[in-house]
Amino acid sequence: MARSYNHKAANNKARETKAPAFIAWHVAEKSDSKSFWTRIGAAWDHEDGKGFTLQLDLVPVSGGRIVLRTPAEATEERGA
């Protein structure tokens, strides 16, 4: 999932793709030794470094927690 943003460079490209800074995961605890990780969105850092934009493609309603991880550590589904 990539996000487009306006780039203020000298070459005046209209839009460039920026990779997310974090991947959003919903983590559901199923038993003492098993949890299920489902990718639900991503977050992009602001140019001024003072915040993030979080885009959720799915909002969990059954409890659990939302975890933000760097994309390099993320996979489509995790078991922890």
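Here the structure is a predicted model, which means the values were calculated and not measured. (Residues numbered from 1 in each chain as written. Predicted model: local features only at pLDDT ≥ 70, side-chain atom pairs only at ≥ 80, totals over all residues. Heavy atoms only, no water.)

Engineer: Tell me what's going on with the side chain of histidine 26, and back it up with residues and numbers.
Structural biologist: With respect to the helices, strands and loops of the structure, histidine 26 is situated in strand E3 (residues 22-31). Here glycine 63 takes part through its backbone oxygen, which lies 2.7 Å from a polar atom of the side chain of histidine 26. If near-sequence neighbours (up to four positions away) are discounted, histidine 26 is found in contact with Phe36, Trp37, Thr38, Ile40, Pro60, Ser62, Gly63, Gly64 and Arg65. (Helix = DSSP H or I, 4+ residues; strand = E, 2+ residues; numbered from the N terminus. Polar contact = N/O pair within 3.5 Å; in protein donor to acceptor, adjacent residues only side chain to side chain. Contact = heavy atoms within 4.5 Å.)

Engineer: Tell me about the environment of alanine 21, and please be specific about residues and values.
Structural biologist: Looking at the secondary structure, you find alanine 21 in the loop between strand E2 (16-18) and E3. Its relative accessible area of 22% is what places alanine 21 among the partly exposed residues. (Buried < 20%, exposed > 50% of the residue type's maximum accessible area, 1.4 Å probe, protein only.)

Engineer: Before we move on, could you go through the confidence of the model for the protein chain and cite the residues and values that matter?
Structural biologist: On average, residues of the protein chain carry a pLDDT of 80, and 71% of them reach 70 or more. Here strand E7 (residues 77-79) is the element of the protein chain with the lowest mean pLDDT, 53, and strand E5 (residues 52-56) is the one with the highest, 96. (pLDDT = per-residue confidence, 0-100.)

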